[in-house]
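Chain by chain, the residues run as shown.
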Amino acid sequence: MRVEHYEQVDGNFIQEFYPGVKACSNKLENFHYSLFESYIYSLDKPVVIDSSTGWSFAFRGIVPLWYSFPYAKFPSGSFLYPTLIWMQIKNLTSVSSKIEYSKAVNMLWYGWSNYYHFFTDVIPTLLFISKIGLKDVVILIPKNASQKSFVNEFFGMFPVLKELKIDSIPSGTQVKINSKVFFSKASRYQYPIKYLNDSPFREVLSLIGSRAVKRIFLYRPYGTRRYLANTSELSEFLKLKGFECYDTSKMPLKEQIALFKSVEICVGVHGAGLTNLAFSDQTYTLIEIVPESKYTPLHYEHQTKILGGSYFRICGKYTQKSDVFAVELDELKDLIESLGI
């Protein structure tokens, strides 16, 4: 096992090598959002990648290695840590083709299909690989990534990515890598949401004009998860307060960037569309509407606080319909009033 350590100092990378190191720790105040150190491992022994889950395991070893998401989805719908035996059986029964690389980075994981995780996981990883100059390593991405319009738009916006060696892998392909390059689990946050202020991303954003919209109500259309039953009622109230109402799910990437560049206040239902607030050139305020749950989503609270904004949360209750919830309008009115909006 070879570990390469990269420390970012004043925008530049200082590279050190720690041969023979099998474990490392990152000194972080906040694991996900304050990373200033990154580790790259080179495993110089054959590794087999499962292209449908992104998991990998030593070709003649006993310990599976994961790249990002800490679990895989089984046919039953449950999520468990996959065992080596399960991975071997799955690869024996579902392989449609095989391919081999001498050296590669495995990025065959779920982040490509989700707008939020694409911008917080995938983009930082690609920019990190590009910045430190790993140009001799093949980057493996899922074949179906190209089916997402925002993925294609992003690649079209960044010429720097054309310097990378990227291969798309169809599901069902057994991938063998003789020397696998992979990152510590936090390395994909080397550029957390703050990477938007870094070149070349900021240069690209500066070329996109603003829609000059200051206040936005971001809703989710009927039939989607976390549909807000009283969307119309909230829309009418917020319009009186100068808000414009949008569903960004069908908007091209550049239009979303242009829409959010001037946003100062956003009321929005929890969903990937709130990621666009990171494009705002202002210090914004977010009022996030979430359904009641044992799990409180912290994605956009973290994002807002990282960018210096103000965050508020309103919780709604589920109706009798599946995945449909509602909030008390008076609660929103009181909060809006207290903020002087």
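Before reading further, recall that the structure is shown in the block above.
Nothing here was measured: the structure is a model prediction, and the numbers come from that model.

Engineer: Give me the pattern of salt bridges: which residues, what numbers.
Structural biologist: The tally for this structure, following the rule as stated, stands at five salt bridges. Here Glu 301 ties to Lys 305 by a salt bridge, and the two come within 2.7 Å at their closest N and O atoms. Within this pair, Glu 301 and its partner Lys 305 are both found in helix α7 (residues 299-306), separated by four residues, close to a single helical turn. Residue class for Lys 305 comes out exposed when judged on its relative accessible area of 51%. A single network of salt bridges, built from pairs that share partners, joins Glu 301, Lys 305 and Arg 313.

Engineer: Please provide a residue-by-residue account of the packing of aromatic side chains, values included.
Structural biologist: This model, assessed by the stated rule, comprises 14 aromatic pairs. Taken together, the ring pairs connect Trp 112, Tyr 115, Phe 118, Phe 119, Phe 150, Phe 154, Phe 155, Phe 158 and Phe 279 into an aromatic cluster.

Engineer: Summarise the sheet that holds strand β16 (residues 227-228); cite the residues concerned and give the values.
Structural biologist: One open sheet accounts for seven strands, arranged β16-β21-β20-β19-β18-β15-β17; its pairing is mixed. Strand pairing shows two members of the sheet lacking a second neighbour, β16 and β17 (244-246), which therefore form its edges. Both strand β20 (residues 310-318) and strand β21 (residues 324-326) contribute to a ladder of two bridges, which runs antiparallel. By the bridge assignment for β21, Tyr 318 is matched with Phe 325. Against the sheet, helix α5 (residues 231-240) engages β15 (215-218), β16, β17, β18 (265-269) and β19 (285-291), with an angle of about 175° to β15. Running over the sheet, α7 touches β19 and β20 and is turned about 165° from β20.

Engineer: Describe the packing of α5 against helix α8 (residues 329-338), naming the residues involved and giving the relevant values.
Structural biologist: Two numbers describe how α5 lies on α8: the axes approach to 11 Å, and their chain directions differ by 25°. Relative to α8, α5 is oriented roughly parallel. The way α5 lies across α8 gives a crossing that is right-handed. Contacts from Glu 233, Leu 234, Phe 237 and Leu 238 of α5 reach α8 at Leu 329, Leu 332, Lys 333 and Ile 336.

Engineer: How would you summarise unusual backbone geometry if you had to cite specific residues and measurements?
Structural biologist: One non-glycine residue with positive phi stands out, namely Ala 212, at about 60°. Relative to the helices and strands, Ala 212 resides in the loop between α4 (201-206) and β15. For Arg 226, which is not a glycine, the phi torsion comes out positive at approximately 55°. Positionally, Arg 226 belongs in the loop between β15 and β16. In this structure Arg 226 comes out as buried when scored by relative accessible area, which is 12%.

Engineer: Which residues make up the pairing of β15, and what values go with them?
Structural biologist: The sheet contact formed by β15 and β18 spans four bridges and is parallel. Within the sheet, the bridge partner assigned to Leu 218 lies in β18 and is Gly 268. Two elements, β15 and β17, share three bridges in a ladder whose sense is parallel. Bridged to Leu 218 within β17 is Tyr 246.

Engineer: Tell me what's going on with helix α3 (residues 149-157), and back it up with residues and numbers.
Structural biologist: Taken together, the buried positions of α3 are occupied by Phe 150, Val 151, Phe 154 and Met 157. Down the axis of α3, the smallest arc covering the buried residues is 125°, so these residues share one side. Buried residues in α3 make contact with α2 (115-132), α4 and α6 (253-260).

Conventions we followed
Residues numbered from 1 in each chain as written. Predicted model: local features only at pLDDT ≥ 70, side-chain atom pairs only at ≥ 80, totals over all residues. Heavy atoms only, no water. Salt bridge = Lys/Arg side-chain N within 4 Å of Asp/Glu carboxyl O. Helix = DSSP H or I, 4+ residues; strand = E, 2+ residues; numbered from the N terminus. Buried < 20%, exposed > 50% of the residue type's maximum accessible area, 1.4 Å probe, protein only. Phe/Tyr/Trp six-rings, centres within 6.5 Å; stacked < 30°, edge-to-face > 60°. Pairing = 2+ DSSP bridges. Contact = heavy atoms within 4.5 Å. Axes fitted to C-alpha atoms, helices over the stretch in contact; angles between N-to-C directions. Parallel < 35°, antiparallel > 145°, perpendicular 65-115°, else oblique. Left-handed = near helix turned anticlockwise from the far one by under 90°. Arc of directions from axis to C-beta.

Bear in mind that shape data such as this cannot, by itself, settle questions of function.
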